[in-house]
Each structure stands twice: as C-alpha cells, then as structure tokens.
2 protein chains.
Amino acid sequence: MKIILDCFGGDNCPGSAIDGALLAIAEDKTLNVTLCGDEKTIADYLIGKTYDNSRLSILNASDIITNDDTPTLAIRRKKDASMTVGLKTLAQEDYDGFVSSGNTGALLVGASLIVKRIDGVQRCSLSPVLPTMIDGKGTILVDSGANVDCSPEMLRDFALMGSAYMKSVCGIENPKVGLLNNGTEEEKGNSLTKLAYQMLKETDINFVGNIESREMFTGDVDVIVADGFAGNIALKSAEGMGKVIFKMLKKYITEGGLRAKLGYLLLKPSLKKLKGIMSSDAVGGGVFLGANKIVVKAHGASNAVAFKNAILRAGEMAQAGLIEKIKTALAKNAEDNV
Amino acid sequence: MKIILDCFGGDNCPGSAIDGALLAIAEDKTLNVTLCGDEKTIADYLIGKTYDNSRLSILNASDIITNDDTPTLAIRRKKDASMTVGLKTLAQEDYDGFVSSGNTGALLVGASLIVKRIDGVQRCSLSPVLPTMIDGKGTILVDSGANVDCSPEMLRDFALMGSAYMKSVCGIENPKVGLLNNGTEEEKGNSLTKLAYQMLKETDINFVGNIESREMFTGDVDVIVADGFAGNIALKSAEGMGKVIFKMLKKYITEGGLRAKLGYLLLKPSLKKLKGIMSSDAVGGGVFLGANKIVVKAHGASNAVAFKNAILRAGEMAQAGLIEKIKTALAKNAEDNV
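A few points on the structure.

What counts, and where the lines are drawn
- Residues numbered from 1 in each chain as written.
- Chains lettered and ligands numbered in written order.
- Predicted model: local features only at pLDDT ≥ 70, side-chain atom pairs only at ≥ 80, totals over all residues.
- Heavy atoms only, no water.
- Helix = DSSP H or I, 4+ residues; strand = E, 2+ residues; numbered from the N terminus.
- Buried < 20%, exposed > 50% of the residue type's maximum accessible area, 1.4 Å probe, protein only.
- Polar contact = N/O pair within 3.5 Å; in protein donor to acceptor, adjacent residues only side chain to side chain.
- Contact = heavy atoms within 4.5 Å.
- Least-squares fit on C-alpha atoms with pLDDT ≥ 70 in both.
- Salt bridge = Lys/Arg side-chain N within 4 Å of Asp/Glu carboxyl O.
- Phe/Tyr/Trp six-rings, centres within 6.5 Å; stacked < 30°, edge-to-face > 60°.
- Lys NZ or Arg CZ within 6 Å of the ring centre and 35° of its normal.
- Buried area = accessible area lost by both parts, 1.4 Å probe.
- Pairing = 2+ DSSP bridges.
- Axes fitted to C-alpha atoms, helices over the stretch in contact; angles between N-to-C directions.
- Right-handed = clockwise from strand over helix to strand, strands pointing away.

**Some words on the side chain of A:Ser127**
All names here are of chain A.
And step 1. Mapped onto the fold, Ser127 is located in strand 5 (residues 125-130).
And step 2. A relative accessible area of 1% places Ser127 in the buried class.
And step 3. Within the local environment of Ser127, its side chain forms a polar contact with the side chain of Ser125, the two groups lying 2.9 Å apart.
And step 4. In contact with Ser127, not counting residues within four places along its chain, are Ile140, Leu141, Val142, Gly286, Val287 and Leu289.

**Some details on the relation of the copies chain B and chain A**
For the pair of chain copies, the relating operation is a rotation around an axis with a shift along it.
And step 1. Superposition of chain B onto chain A requires a rotation of 180° combined with a translation of 0.0 Å along the rotation axis, giving an RMSD of 0.0 Å. Such values leave the two copies arranged in the relation of a two-fold axis. Relative to the rotation axis, the closest C-alpha in chain B is found at B:Gly263, a distance of 2.0 Å.
And step 2. Comparing interface residues between copies, 98% of those in chain B also sit at the interface in chain A, which points to an isologous, same-surface contact.

**Looking at the pattern of salt bridges**
And step 1. Counting across every chain of the model gives 34 salt bridges over all chains.
And step 2. B:Glu239 is paired through a salt bridge with A:Arg214; the nearest N and O atoms lie 3.0 Å apart. With one member in each of two chains, B:Glu239 in helix 8 (residues 228-255) and A:Arg214 in the loop between strand 8 (206-211) and strand 9 (223-225) form a pair that bridges those chains.
And step 3. A residue is classified by how much of its surface remains accessible, and A:Arg214, at 25% relative accessible area, is partly exposed.
And step 4. Note that A:Glu255 and B:Lys273 form a salt bridge whose closest N and O atoms lie 3.3 Å from each other. A residue pair is termed interchain when its members come from two chains, as with A:Glu255 in helix 8 (residues 228-255) and B:Lys273 in helix 9 (residues 257-278).
And step 5. Several salt bridges converge on common partners, so that one network encompasses A:Glu212, A:Arg214, B:Lys236, B:Glu239 and B:Lys243.

**Here's the deal with the packing of aromatic side chains**
And step 1. For the structure on display, the rule yields two aromatic pairs over all chains.
And step 2. Between the aromatic rings of A:Tyr197 and A:Phe207, the centroid separation amounts to 5.1 Å while the plane-to-plane angle is 75°, which identifies the pairing as edge-to-face. Residue A:Tyr197 is located in helix 7 (residues 191-201), and its partner A:Phe207 is located in strand 8; the two are separated by 10 residues in the primary sequence. Taken as a pair, A:Tyr197 and A:Phe207 share a single burial class, namely buried.
And step 3. One residue, B:Lys2, lies across the ring of B:Tyr95, its end atom 4.7 Å from the ring centre.
And step 4. Sitting over the face of the ring of B:Phe246, B:Lys275 holds its NZ or CZ atom 5.3 Å from the ring centroid.

**Digging into the environment of B:Gly171**
And step 1. Structurally, the position occupied by B:Gly171 is in the loop between helix 6 (152-168) and strand 7 (176-180).
And step 2. Along the chain, B:Gly171 and B:Ala320 lie 149 residues apart, while their C-alpha atoms are 9.2 Å from each other.

**A closer look at the interface of chain B and chain A**
And step 1. The partner chain A presents 52 residues to the 53 residues of chain B that form the contact.
And step 2. Between chain B and chain A, a total of about 5000 Å² is buried, with carbon and sulfur atoms accounting for 69% of that surface.
And step 3. The three residues of chain B that bury the most area against chain A are B:Arg214, B:Phe229 and B:Tyr252, which together make up 13% of that side's buried surface.
And step 4. Connecting chain B to chain A are six salt bridges.
And step 5. Contributions of two or more residues to the side of chain B that touches chain A are made by helix 7 (191-201), helix 8 and helix 9 of chain B.
And step 6. When residues of the side of chain B that touches chain A are assigned to their parent elements, the largest contribution, 20 residues, is made by helix 8 of chain B.

**A closer look at the sheet that holds strand 3 (residues 56-60) of chain B**
Residue and element names in this part refer to chain B.
And step 1. Judged by pairing direction, the sheet is mixed, and its 11 strands sit side by side in the order 3-2-1-4-11-10-5-6-9-7-8 without closing on themselves. Among the strands making up the open sheet, the edge pair consists of strand 3 and strand 8 (206-211). Neighbour-to-neighbour, the strand axes of this sheet turn through a mean angle of 25°, independent of strand direction.
And step 2. Direction of pairing for strand 5 (residues 125-130) relative to strand 10 (residues 286-289): antiparallel, over a ladder of four bridges. Counterpart to Ser127 in the pairing with strand 10 is Val287.

**Things to note about the pairing of strand 2 (residues 32-37) of chain A**
Residues and elements named next belong to chain A.
And step 1. Of all six residues making up strand 2, five are buried, and the element is well covered by its neighbours.
And step 2. In terms of strand pairing, strand 1 (residues 2-6) meets strand 2 through five bridges, oriented parallel. The residue bridging Ile4 from the neighbouring strand is Thr34, located in strand 2.
And step 3. Relative to strand 3 (residues 56-60), strand 2 runs parallel, the two being bridged by five bridges. Residue Leu35 lies in a different strand from strand 3, and its bridge partner there is Ile58.
And step 4. Chirality of the crossover, the property in question, places the unit of strand 2, helix 2 (residues 39-46) and strand 3 among those that are right-handed.

**Concerning the environment of A:Lys308**
All names here are of chain A.
And step 1. Here Lys308 is to be found in helix 10 (residues 304-319).
And step 2. A relative accessible area of 15% places Lys308 in the buried class.
And step 3. It is 9.2 Å that separates the C-alpha atoms of Lys308 and Ile18, two residues lying 290 residues apart in sequence.
And step 4. The contact partners of Lys308, leaving out residues within four places of it in the chain, are Gly20, Leu23, Ala24 and Glu27.

**Here we look at the sheet that holds strand 2 of chain A**
All names here are of chain A.
And step 1. With mixed pairing, 11 strands are arranged side by side in an open sheet as 3-2-1-4-11-10-5-6-9-7-8. Two strands in the sheet have a free side with no partner beyond their single neighbour: strand 3 and strand 8. On average, each strand axis in the sheet is inclined to that of its neighbour by 25°, with strand direction left out of account.
And step 2. Sheet topology note: the strand 10 (residues 286-289)/strand 11 (residues 294-297) ladder contains two bridges and is antiparallel. In the strand pairing of strand 11, Gly286 is matched with Lys297.
And step 3. Packing of helix 4 (residues 82-92) onto the sheet brings it into contact with strand 1, strand 2, strand 3, strand 4 (97-100) and strand 11, and relative to strand 4 it is tilted by some 165°.

**Observations concerning the pairing of strand 10 of chain A**
And step 1. Across the two faces of strand 10 of chain A the burial is the same, with A:Gly286 and A:Phe288 and A:Val287 and A:Leu289 all buried.
And step 2. Taken together, strand 10 of chain A and the strand that follows it, strand 11 of chain A, pair antiparallel across an intervening segment of four residues, in which A:Gly290 is found at a positive phi of about 115°.

**Here we look at unusual backbone geometry**
And step 1. Look at the link from A:Val142 to A:Asp143: it is a cis peptide, with omega at 25°.
And step 2. Residue placement: A:Asp143 occurs in the loop between strand 6 (139-142) and helix 6 (152-168).
And step 3. Even without being a glycine, B:Lys116 presents a positive backbone phi close to 75°.
And step 4. Mapped onto the secondary structure, B:Lys116 falls in helix 5 (residues 104-116).
And step 5. Here B:Lys116 falls in the partly exposed class, since its relative accessible area comes to 47%.

Structure (structure tokens):
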C-alpha cells in the first residue's frame, strides 16, 4: 500500500510526522510512505536515520496550510502547500491513502474538492474509531464534527459507510449500528434523529436503535451515527471529563499526605495503563468517510506514535478495499430503495 | 420557605423521599415540608421517627404517575396522582416550591400546564447545576434535555434565566455565560448556535462566547447555554466516561496483583472523594427554569441525601427570590430590544 504523509501543518511537524513514517514502514513491510513537504527540510531530517529507503520517498511542496488559514481559501489558493500537493497526487496517481495532522477544515474541503466524493455521497464525515475500554474492539463515530447541520439522508449514509468500515477494516461480521440520541426509546429524539431513525430502519444494515452518549465507550455498538455537532459535543465532553478526573485525583493525592502518595506510587502502573487507553495517540486519527480515496486526519498534536498508528490504519483501510466496500454498500441501499 | 415534596414515582419512594425531608428540616430550621402522596403510607412510615412536626405536614394523593406513563396524558388524566396534586397545590396556594424524583417528562408538562410559564417564556428548561470539580462553585446547564428542538430565541431566554439563577441563588456578581458549541471561535457552530451567538451578543448579560464541552466542568463559565439535545448528549457522555474510568481502574487493579491492591487500599480515601464529587447525589437535581414557581427535579434514583439536597436547593431558590429575578431579567431584555 502506498500512503502519502503530509509532513507539515500539525503541531509537531515535520519531526514527529517523519519519525512516525519511519516507525510505520519498520512495522509494516508492505507499506510505502511518501513524505510530502519541503524537500530539503525533510531530506535534512532523514540524515543519519536508518530505514528501508526503497519504501520511503519525498514529494516536494514548498508551502504550508496552517490552522489559521480559512479552509476553502487555503485549498483553492495555496496550490503548493503540502496538503494540496499531497491530495492532488493522491487523486491523480496510483496512491492508496493520505494522512495529515494539519487544518481539519482544509482537509475536509480538500477531500471533497480534490479527491472528490463517492457518487451519491452528499458530504464526507470525519470518523474516528473510539477506544471501547471494556472490550477494546473499538467503535467508529460517524460524524465527529465535519458536518454540523445534517439531513436524515446524510445520517443514513453515515450509517452505511460506518458499517462498511467496521466490516471490512475491523472484520466485524454484522456491525451493530446505533443512532446517538437523547434516549433509547424509538420515539425519543429531536426532529433530525426521529426522521433518521425511520430511515435507518429501512436499510439492510444491523441497526439496533438509539444509543445514549453514556454508552459511547462500552462497545455495545460498533458504529455510532450522529450529526457532526452532537458527535463533536459527545466526544469532547468525554475527553473533558477524563481530564478533570485525573486532575482531581492528583489534587486529592497531594492533599492525602504520605499514605495517599504511597498508594499512588503502588498504583502508578495501573493508572498509567488507564491514561494510555484514554490517550488520543492510541486512536490514530479519523478517516473522512465518503471521499473517493482514503484520507486520514491525525490529531493536530500527534507525536511519532500517533503518526505511526494513523499511517498503519490508512494502510489497513486500503488493504481492506474500504472505498469499494463503501461504494457497494451505498449502491445496494440505493437499489433496494428504488 | 414552604416546599411540597412528591413522595411517590421515583425509584426509592416513598422511604428515601421522606427520610430526605426529615434531614432537610433538621438542617434548615426555616424550612416547612409538605409530604405529598398516600396519607396512610406516609403516616405509617413516620411512626417512630423524631422530627419537628410543626414543620412537616402531609398532603393526600391516592394515585402515582410512573415512568411508564405518557407525560401529557398522565398530567391530564391522573388528577389524583401525587405529582398532579402537588403541582396544583403549589400553583394555587401559598407554597414556594415543589420537588419530585418522578417522571421527568410529566414534571415538565406539569410545570408548564399547571404551574404555568412566566409571561413570554416559550419553554421551560431542565437545568442542573453541574459540579465544577476544580473550584467547586458549580455551573448551571440550561437546557439539559427538556427541549430537543430549540429556536435561537429559546437559547437567549435560557441564557437570561441561567444568569439570573447564578446571580440570585449562587451569589455570583456577573455570571459568565457560555454557549455550548463545537469550537470556541465566533464563526463556529451549526445554524442554531450561529444565530443564538448573535442574539446573545445583544443581551446585557455577561456573554463570554462559545465554549466546548470539554470545558463543561472546569468552572470557566457559570452558565452553559445549550439546546436540550446537545446538553443531554454532553452530560451523559461525561457521565459515561466517568463510569468507564472507574470500571477500567477496577479491572487494572484486579490484574495488578498484590501491589496494585495495596496501592488501592492506601488510595481508597482519595478515590472515594473523587467518586463523591462526581456523584449525582451531590447535585440535588435540576430546576425547571421558566415556570412561575420553583419546580425541582431530583434524579430518579435519589437516595435520602439526594432528596435532602434537592429540598434545600429548592428552599434556597425561593429564599433568593429566583422567580422574580428571572421575570425582571426577561422584562429588561424585552425592553432593551423594543
């Protein structure tokens, strides 16, 4: 699989991006990574590093899209930015996927305008696989924030695409799909989710009904369907609670004197494990479902491990034939509903 | 202050409700509580208990609204239910507030139809005060789920009412009001929050802009304004994450052998403290802002302490003249915008 990596635009770029690529090709011998960005900077960074150079190449791009850039303007005007060049090369040449930790909005616009959407898909969704803490198999959230105003039809397509993802990439036979809602009963919901519920019932995917956001990390469902506004709120709320809990625990340990400090030292490995599974580095970014090729967003603060995971995931998606599987699922649903 | 307590309809009723009332009148000597529900059952339960009977009375009601009842039908048809009788008595007689752990939807309908809304208020909002863990002063969330489809005007009224609450009940001079959104920048949001943002800018409350759900428990703002769908998703997501963290920690401690178990024992007081501040018992329920009198929802699984807190909070709201303060704030805003 051939993956293009945007080496500029994120917080720890280009160092962590390049290090992540080296880790990825060391771990997966079938992987080729093309580092996109300023050729000289990248080449200089690679000096003295050991890697299989038959599977690492550089694609020059002299400009950078930053987080301060307006997405649509940036994609239209910054023709030489690493993100724009990378996406164009992905669209036009024989590459399987693109990974970037840069401007999320620009990447969404680029995925839609340059890579283009699959026929019939109205909007691409940003879909991270959340760690399900109890069973560890993961749940994909479609959408986590790319589309803040959605139609029921969009939610139905999110469901079809998410189900195709969990089936093809994660090998789950008949993925359980839940609709994020303010209650589990069928009659619950706002005007959007009520309509989407009825539409999801008509599909041939394994729609199991509404789920509440308190069940997001339990693994009860494999796919969570949400409009991007609700998905974003749910995700960040859980993140915020996680942070607050660790902060408060730290405070109580400090206040608890010697006994608490000793307890903390003994419990440190367990607490570290807990922090590890909650870390966004473990997720490896979200994929823009609905684009014609694989486009993965790594989070802005990605370190080398996060980049490595994002690249490996992109490779797995390509290997699984994700795009074709999504096309088939969407076409089948359209046929069934003629 | 004279508070009516619905003793039936919640999970631990009537025992926990009555015990909570006894704790409340013991703690606040200015409080009168009227226990509403089946007279004989309540009287029997009180046998042998010690309390100031000049401040405790019984209001007979022979029927119960359960969680299986349809809200509007239940309020209309179950004329003798403890919730209906209690709300009617609150509306017609010299009482200051009503507390119930029963059917949330029915309580919302009852607050709107029986107690009625303040002039000009389109919808009542269910508004719990969230524990802000770092500073402990609390943040009110308006709305946490009563109204799943909102207009920008409704969000503006939620903001005005929430601000009046934090000022009058919690004594915060100039409460900071934030709009729950998918990003902090002014241009962020869905079609609803974008319009609400502009409307909030026009009010004379201390609107500090958008906040993300990851900041819900930091105490950065005193009032969080949200449509009930988003507010509900945010709240339950945080709750779910809290539960998952403790569940995983337990798992890691079990796996961690003797060392981890010893660490856990030493750290137990700190962990217990952490669980305590996260507990919904500490919150003491949410108030239906917008009703003509104080109507407080205690959570369905309330124990005696949760009931006590809900009753004390209702008394404090009445003492603070909350309803008048809300009326003044709404009228002032209407005047300013003529």
